[in-house]
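Here is how the chains run, residue by residue.
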Amino acid sequence: MTFQDNDITAATDTANLPQPIQQPLKRAIYKAHTTDFVVNELLPLEFTGEGEHLWLHIQKSGMNTAYLAKLLSEWAEIPLRDVGYSGLKDRHALTTQWFSLRIPKKQLPDSEFAPVDISTNESVTILEQQWHNKKLNRGTHRANQFIITLRDIEFADVEASLSMQAPAPEQLLSAKQAVEQHLTTISQSGVPNYFGPQRFGRSGNNIREALSLFTRPVPEARPQPNKSKRKRIPREQNTMELSAARSLIFNEILAARVRDGSWNTGLDGEVFNLAGSGSIFSSDEIDETLRIRLRSGDIHPTAVLWGTDNEKVSGKAAAIEADIVAQNPLLTQLATGLEQRDIKAQRRALRLPIEALSWEWQDKEDGQILVLNFTLATGSFATSVLASLVQELNT
């Protein structure tokens, strides 16, 4: 089946995803300036002070992580594979993260790292360096701290007739109180753990690429080495497209769970995630013990990252996942493509806890500014927190 461009664009527009609580901000702008979106990688680690891996704590802006890794490999004159980093950080932000460089015999270049072939809107600063006996691997860091500035705020409960003029002081106070109450609520209850718009590319292009990928023949299975008689599918290289396909299916399942109110309460046959870990377990029924653990945030309901061997889920939870895919031709095609490539099913929490959430208002002549400070576990999206707060978020 062929899908129209506007159908894919609409399907990947995360602004259309439902929220469990009405957002108190009607509109806001973020990323107006690089410093409006700050991301700090949290990687608690005790360095050995020895070994052949030089770890660099780097602040960057206007540059993506992969490109900076390339610059570091060129400076150190080492293969790109010997440069390690834990996660990808936003190009259009001010970010800090660690990189590791395998430097045999600790023979550093004669000159300091100071790339000259970067544009005026790109910057790189080394904040700290340490020697360590291990390479930095992907997914090592625990969480990211975000400091996000929202500008040109319009409040949802301020009368539309007053939108072109400053609200009365009592209206402004009431609107701010509504926002603060909302922030207090989500700091305790969490928000839907949607994948953010960046997962799908501009106008959903990553989904288009996935659909194109799935029209090609599946790579032939080949025998495993060491005289194994089993056969395996070659490792799929199109990770971005495959991740986008799984993410879109997950978002639609989560959206259905938000609509029916089960995204944070669970269903019979649910697979639960133990908070702060990758551990999961299933339960045929929701008993009082599970309800207490759900309310405390100790466990979270999950949905499938689509693939084969999705056998842990059962009952109502399994039925809603199957129905969402079966009733949507786009999701059906994506799911089939994933299964044909023998992508194994995984589980992802439906609820995203927000750690250490705080905020600050700044009253400016050109409007209200709200600065948010919070921490999220690795693999989650700050835009999901913003979407729970703002109805129309613009850049």
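So, a few notes on the structure that sits alongside this text.

For helix 8 (residues 329-340), built from 12 residues, the straight-helix expectation of 16 Å at 1.5 Å per residue is met to within 8% by its first-to-last C-alpha distance of 16 Å. For helix 8, the full list of buried residues reads Leu 330, Leu 331, Leu 334, Ala 335, Gly 337 and Leu 338. Looking down the long axis of helix 8, one finds its buried residues gathered within 160° of arc, a one-sided arrangement. Residues of helix 8 that are buried in the fold lie against helix 1 (5-11), helix 4 (205-214), helix 5 (239-260) and helix 7 (315-326). For helix 8, the side-chain oxygen to backbone nitrogen distance between the N-cap and Leu 330 is 3.0 Å, and the N-cap itself is Asn 328. Remark: Asp 342 follows helix 8 within two positions and exhibits a positive phi of approximately 55°.

Looking now at the sheet that holds strand 13 (residues 299-305). If you trace the 4 strands from one edge of the open sheet to the other, you get 12-11-13-14, paired in antiparallel fashion. Only two strands of the sheet have a single neighbouring strand rather than two, namely strand 12 (280-282) and strand 14 (346-349). The mean angle between the axes of side-by-side strands here comes to 45°, regardless of whether they run parallel or antiparallel. Note that strand 11 (residues 271-274) and strand 12 share 3 bridges and pair antiparallel. Bridged to Asn 273 within strand 12 is Ile 280. Sheet strands in contact with helix 6 (residues 288-296) are strand 11, strand 12 and strand 13, and its direction is about 90° off that of strand 13.

A separate point is the nonpolar core. By size, the foremost hydrophobic cluster in this structure holds 42 residues, and its most contacted members are Ile 207, Phe 214, Ile 249, Leu 334 and Leu 338. Of all the elements in the fold, those that place two or more residues in this core are helix 4, helix 5, strand 13, helix 7 and helix 8. Among the elements that line this core, the one with the most residues is helix 5, at 11 residues. Among residues more than four places away in sequence, those in contact with Leu 334 are Ile 207, Ala 210, Leu 211, Phe 214, Ala 245, Leu 248 and Ile 249.

Attention now goes to the pattern of salt bridges. Side chains that differ in charge, positive against negative, can pair when their charged atoms come close. One pass over the full model with this rule turns up 18 salt bridges. A salt bridge links Glu 154 to Arg 27, with the nearest nitrogen and oxygen atoms 2.9 Å apart. Taken together, the residues span a long stretch of sequence, with Glu 154 in strand 7 (residues 143-155) and Arg 27 in strand 1 (residues 25-29) at a distance of 127 residues. Residue Glu 154 is classed as partly exposed on the basis of its relative accessible area of 28%. Among the residues examined, Arg 27 registers a relative accessible area of 27% and is labelled partly exposed. The partner of Lys 176 in a salt bridge is Asp 363, and the shortest N-O contact between them spans 3.0 Å. Taken together, the positions of Lys 176 in helix 3 (residues 169-189) and Asp 363 in strand 16 (residues 355-364) put the pair 187 residues apart, joining distant regions of the chain. Counted as one network, the salt bridges with shared partners bring together Arg 27, Glu 154 and Glu 392.

On to the pairing of strand 1, then. Strand direction decides the pairing type here: strand 1 and strand 18 (residues 390-394), joined by 4 bridges, are parallel. Opposite Leu 25, over in strand 18, you have Val 390 as the bridge partner.

Cut-off values and rules
Residues numbered from 1 in each chain as written. Predicted model: local features only at pLDDT ≥ 70, side-chain atom pairs only at ≥ 80, totals over all residues. Heavy atoms only, no water. Helix = DSSP H or I, 4+ residues; strand = E, 2+ residues; numbered from the N terminus. Expected span 1.5 Å × (residues − 1). Buried < 20%, exposed > 50% of the residue type's maximum accessible area, 1.4 Å probe, protein only. Arc of directions from axis to C-beta. Contact = heavy atoms within 4.5 Å. Polar contact = N/O pair within 3.5 Å; in protein donor to acceptor, adjacent residues only side chain to side chain. Pairing = 2+ DSSP bridges. Axes fitted to C-alpha atoms, helices over the stretch in contact; angles between N-to-C directions. Core = buried A, V, L, I, M, F, W, Y, C linked by side-chain atoms within 4.5 Å. Salt bridge = Lys/Arg side-chain N within 4 Å of Asp/Glu carboxyl O.

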